[in-house]
Every structure is written in structure tokens, then in C-alpha cells.
Amino acid sequence: MHELSLAIAIVELVERYARGRAASVVTVRVGAMRQVVPRSLAFQFELAARGSVCEGATLVQEPIPALLRCNDCGSEWDPAPPSAATRVELLVSFRCTACGSTRFEVARGEELEVDSIEVAEAGLDLPTSERERCIAPR
Amino acid sequence: MHRTKVRIAEDVLDANTTIARANREEFDRDGVTVVNLMSAPGAGKTSLLERALQRTDDLRVGVLEGDVQGSLDADRVAALHVPVAQINTDPGFGGECHLDANMVRAALGELPLAELDLLVIENVGNLVCPAEFQVGEDVRVMVSAVTEGEDKPLKYPLMFRTCELVLVNKIDLLPHLEFDLDRFLANLRAVNPEVEHRLVSARTGEGVDAWRRWLLDLASVADPAAKR
């Protein structure tokens, strides 16, 4: 349900970096704790991309499994039961699997970031340092 | 023509977080404590707010109402003679299902912030999206009605994990339902061990005093000078 808002935010972020160049691939890293439904995000991205530099771009979603770290004994565990690894709504084991503590921090799985984009570049092949200057965000 | 890979590694919601921080600074400067009130549609956010604000002692409270359309809720709150501003999310992309920091920012001018101790932002009814978007709040409060079932904390862990208080509403209906309150509370603690809760009924008024006291304490703890 929130995928449309996230798709719009992704397109806006890419617009800032692409500087008018068409993006062909947009790679995002999506933590399991963000409750993103991959098919929904792909669909909403296609809609949000219309008329933007992302139009027609492929959205690559890299899933990041969740990892919790116990504040009491330090052990780490994935809160998604293995059988439900792709069903984020079944993230239920927020209790340390080693000592039973409920005090934990999220070590991994809350990511939601645009990792990289591939843009079509007209003109000469610039040296890397030049290229980086061209793509620096505003 | 060739392709260049551009490394970005930027949080998708960075822009929102930056604006939320600016809102928060403004709230802090004006000494106003801000509550982001969230729930599913129909859980009773507005009713519980109406009940709580019927008596606020000498605390000065303002309300920001978020809805996809219309001012039904804002009209109800305004009847209590509380400063209220309405945000409608429908001019956005098909009617946003949540408030974001920028929408809140745009509405701040409509409220006398410097004259308020407490601002309650009533979010759009939804258990998913509002959890993702900070708006500059100090605390998050959720309403979960017993008619929604006891499994909701497990189904929407992101929302239940990010709030400080859960108001369990419509408890006057408990005799008519199969809702297992102990199981609900166990599920709630499983996803958020630190969270507080209050059992309330906006219809009968049960528990409303405790909810009002929680709000008043929150505002007075956060703002001991109390601006007067």
C-alpha cells in the first residue's frame, strides 16, 4: 500500500542524480523490515516513472534479510521464520532465540535506499574523476 | 552513447526526514510537544481526541487533521474551540494515504504554534504508510480497536514498533466479541516490549481520563517552563 509513495520518492531521488539523463536501470536495497511487497513496488514504480527520467527503466530490488542483535547476550537472529522468509507480515520472533530477551536492536533489515542507477551518457567517455563530478548531486 | 553506473546509496526517504527535522526544530523553538496519532480507518482517533480535549485544564492544545478528503474531522474538533487546521491529501498522486513531513510543513502557518503547548497531528487512517513517514513528532500514539482482532501487532509490526502508547479502544464491545485481550497484549509486547497501553472506550468514556492525563503529563514533562 505504501509502495506508491516509495516509488514516487525513488523517482524523485533518481531525478536529482540523473540530471536529465535517461535511467535504464535503478537498483534499490530493500530491508525485510520495511514491509515492501516487491511486485507492488515494481508496478508502482512503472506508474511513477511515466514522464520522468525513469520511464521504461528496470527496477532491480535487492532484498536485505532482517537481522536482530540481542542487547543482553549479543547473539543475532533473523526474525522471519524460514518458511515465511518472503512474507514480511510474519516477522514475529522479536524475542532472542538464545536467551529469550526482548531487548534488541535492528542490525540489518531497515534499509530502503537507492543503491545505484545506470544512465545513458551522450558524448565522450570521460575519465572516472570527471564522470563523478558530473554526477554529483545538487 | 554509452551507459554510466552512478553510485547513489541514499535513503529513499531522506528528503522527508530532512523536512521532518526542520519541522521538529520549529516545534522545539516554539516549545510545543507534538503527537502523531495513527490508526486504521474507523478505530476512533477523532472520537478519542474529542473526548480527551473536552477538558484540557489550562493546557493549550492545537490539532492538525489529515484526511484524504473533506473536513468532517476538523469540524468536529473545531466544535471544541481548539485551533485546528485541515490537510487534505487528495491533490497528491491519487490521494496520499498518509501525511508526510512536507504536507505538515505547509499547514504549520495555519496554527498559532507559539501559543500552543501540545499539537496533535491526526494522521490518515492506515496501518502501513504513516509508519514510514516522520512528520517531526516527539511521540507516536496508536489507536487499535478491539474489533480489529488481536493479531494486528503481528501483521503490522512496523507501525506497532514505532509508537510509545497504544490506546486499545471500543472495550465496551468486549462482551460481544471473541477478542482475547491477553493475547493482544502479548502480541503487542512481542513486537514492542517497551510500549505503554491504555484500555479505553470513546463511547462510554471509560479510560478517557487516563488517556487525557497521559497527554497532559507528556506536554508538561516536555515543556516544564510551560511558556506562561
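As a convention, each chain's residues are numbered from 1 in the sequence order in which they are written. Ligands are numbered from 1 and chains lettered from A, in the order in which they are written. In keeping with the model being predicted, local features are shown solely for residues with a pLDDT of at least 70 and side-chain atom pairs are shown and tallied solely at 80 or more, while totals for entire chains, interfaces and linings include all residues.

A.B. asks: Explanation requested: the overall build of chain B in the structure shown.
C.D. replies: The helix and strand tally for chain B stands at nine helices and eight strands. Relative to its length of 228 residues, chain B is compact, with a C-alpha radius of gyration of 18 Å against a globular reference of 17 Å. Principal-axis analysis of the C-alpha atoms places the extent of chain B at approximately 70 × 45 × 35 Å. Residue burial is a threshold on neighbouring C-beta atoms within 10 Å of the residue's own C-beta, all placed from the backbone, with 20 or more meaning buried, 12 or fewer meaning exposed, and counts in between meaning partly exposed. Counting all 228 residues of chain B, 46% fall into the buried class. Only DSSP runs of H or I covering at least 4 residues are called helices, and only runs of E covering at least 2 are called strands; the numbering of each starts at the N terminus. We compute the radius of gyration from the C-alpha atoms alone; for a globule the expected value is 2.2 Å times N to the 0.38, where N is the number of residues.

A.B. asks: Just checking my understanding: could you explain the interface of chain A and chain B for this structure?
C.D. replies: Reports often express the size of an interface as the amount of accessible area lost when the parts come together. Residue pairs qualify as contacts under a 7 Å threshold applied to their C-beta atoms, which are placed from the backbone. On the side of chain B, 28 residues touch chain A, which itself brings 35 residues to the contact. Mapped by element, the contributors of at least two residues to the side of chain A that touches chain B are α1 (3-18), β6 (112-121) and α3 (128-135) of chain A. The biggest single contributor to the side of chain A that touches chain B is β6 of chain A, with 10 residues. Classifying every residue of the side of chain A that touches chain B gives 19 nonpolar, six polar and 10 charged. Paired strands are those between which DSSP finds at least two bridges. Pairing geometry for β6 of chain A and strand β1 (residues 2-11) of chain B, over eight bridges, is antiparallel. Each bridged residue has a counterpart across the sheet, and for I117 of chain A the counterpart in β1 of chain B is V6 of chain B. Each residue is assigned to one of three groups, with Ala, Val, Leu, Ile, Met, Phe, Trp, Tyr, Cys and Pro labelled nonpolar, Asp, Glu, Lys and Arg labelled charged, and all others, Gly among them, labelled polar.

A.B. asks: For this particular structure, what's the right way to read the environment of D75 of chain B?
C.D. replies: Residues and elements named next belong to chain B. Structurally, D75 is set in helix α3 (residues 72-78). Accessibility expressed as a C-beta count within 10 Å gives 12 for D75, which makes it exposed. Placed 10 residues apart in sequence, D75 and E65 show a C-alpha to C-alpha distance of 9.7 Å.

A.B. asks: What is the right way to read the pairing of strand β7 (residues 165-169) of chain B from this model?
C.D. replies: Both faces of the sheet carry side chains from a regular strand, because those side chains alternate between them. Residue and element names in this part refer to chain B. Burial runs high along β7: four of the five residues are buried. In this structure, strand β6 (residues 139-145) lies alongside β7, joined through five bridges in parallel fashion. From the neighbouring strand, S144 faces β7, where its bridge partner is V168. Across four bridges, the pairing between β7 and strand β8 (residues 196-199) is parallel. Across the sheet, the residue bridging to V168 is L199, located in β8.

A.B. asks: What's the story with the sheet that holds strand β4 (residues 76-77) of chain A in this structure? I'm lost.
C.D. replies: Each strand in a sheet pairs with its neighbour through backbone hydrogen bonds, running either in the same direction (parallel) or in the opposite one (antiparallel). Residue and element names in this part refer to chain A. The antiparallel open sheet is built from three strands, whose spatial order is β4-β3-β5. At either margin of the open sheet sits one strand with a lone partner, and together these are β4 and β5 (104-108). Of the strand pairs in this sheet, strand β3 (residues 67-70) and β4 are connected by two bridges, and their pairing is antiparallel. Considered in β4, the bridge of L68 is made with W77.

A.B. asks: I'm lost on helix α2 (residues 38-49) of chain A in this one. Help?
C.D. replies: Turn by turn, an α-helix covers 3.6 residues, leaving residues three or four places apart pointing in a common direction. Residue and element names in this part refer to chain A. By this rule, a helix spans an expected 1.5 Å times one less than how many residues it contains. Spanning 12 residues, α2 covers 16 Å between terminal C-alpha atoms, matching the ideal 16 Å at 1.5 Å per step. Lining the buried residues of α2 we find α1 and β2 (58-64). Remark: G51 follows α2 within two positions and exhibits a positive phi of approximately 75°.

A.B. asks: It is not clear to me how the environment of G205 of chain B should be interpreted in this structure. Could you clarify?
C.D. replies: Residue and element names in this part refer to chain B. Of note, G205 is situated in the loop between β8 and α9 (208-222). Taking the number of C-beta atoms within 10 Å as the measure of exposure, G205 has 12 and is therefore exposed. Residues G205 and K155 lie 50 residues apart in sequence; the distance between their C-alpha atoms is 28 Å.

A.B. asks: Just checking my understanding: could you explain the nonpolar core for this structure?
C.D. replies: Generally speaking, a soluble globular protein has its nonpolar side chains buried in company with each other. The nonpolar core criterion groups buried Ala, Val, Leu, Ile, Met, Phe, Trp, Tyr and Cys residues into a set whenever they are joined through C-beta atoms within 7 Å. Core analysis: the largest hydrophobic core is formed by 67 residues, its most contacted members being V120 and I121 of chain B. Broken down by element, this core gets its largest block of residues, five residues, from α9 of chain B. Non-local contacts of I121 of chain B, meaning those with residues more than four positions away in its chain, are made with V34, V35, N36, L37, L64, G66, L99, V104, V135 and E137 of chain B. Counting 31 residues, the second largest nonpolar core, distinct from the first, contains A7, I10, A23 and V36 of chain A.

A.B. asks: Even after reading the chapter, I still don't get the packing of α1 of chain A against α2 of chain A, so can you show me in this structure?
C.D. replies: When two helices pack together, their arrangement is given by the angle between their axes and by how far apart the axes lie. Residue and element names in this part refer to chain A. The geometry of α1 relative to α2 is characterised by a closest axis approach of 8 Å and an angle of 50° between their N-to-C directions. Our classification of the angle between α1 and α2 gives oblique. Classified by chirality, the crossing of α2 by α1 is right-handed. On α2, the residues touching E3, L4, L6, A7, I8, I10 and V11 of α1 are S40, L41, Q44, F45, A48 and A49. Here the residues of the contact of α1 with α2 sort into 10 nonpolar, two polar and one charged. Angles here are taken between N-to-C directions and fall from 0 to 180 degrees, while the axes themselves are lines fitted to C-alpha atoms, restricted in helices to the stretch in contact. Orientation is classified from the angle alone, with under 35 degrees giving roughly parallel, over 145 giving roughly antiparallel, 65 to 115 giving roughly perpendicular, and any other angle giving oblique. Throughout, a crossing is termed right-handed when the near helix is turned clockwise from the far one, and left-handed when it is turned anticlockwise from it by less than a right angle.

A.B. asks: Looking at this model, I keep getting lost on the environment of D117 of chain B. Mind explaining?
C.D. replies: All names here are of chain B. Residue position: D117 is located in the loop between α4 (101-107) and β5 (118-122). For D117, a count of 23 C-beta atoms within 10 Å corresponds to the buried category. Sequence spacing of D117 and V32 is 85 residues, and the spatial spacing of their C-alpha atoms is 4.6 Å.

A.B. asks: Got a minute to help me understand the sheet that holds β1 of chain B in this structure?
C.D. replies: Here four strands make up an open sheet; going across it, the order is β2(A)-β1(A)-β6(A)-β1(B) and the pairing mixed. Among the strands making up the open sheet, the edge pair consists of β2 of chain A together with β1 of chain B. Between one strand axis and the next, the sheet turns by 15° as a mean value, whatever way the strands run.

A.B. asks: I'm lost on α1 of chain A in this one. Help?
C.D. replies: Residue and element names in this part refer to chain A. For α1, built from 16 residues, the straight-helix expectation of 22 Å at 1.5 Å per residue is met to within 8% by its first-to-last C-alpha distance of 22 Å. Most of α1 sits out of view: 13 of its 16 residues are buried. A positive backbone phi angle near 50° is found at R19, which sits one or two residues after α1.

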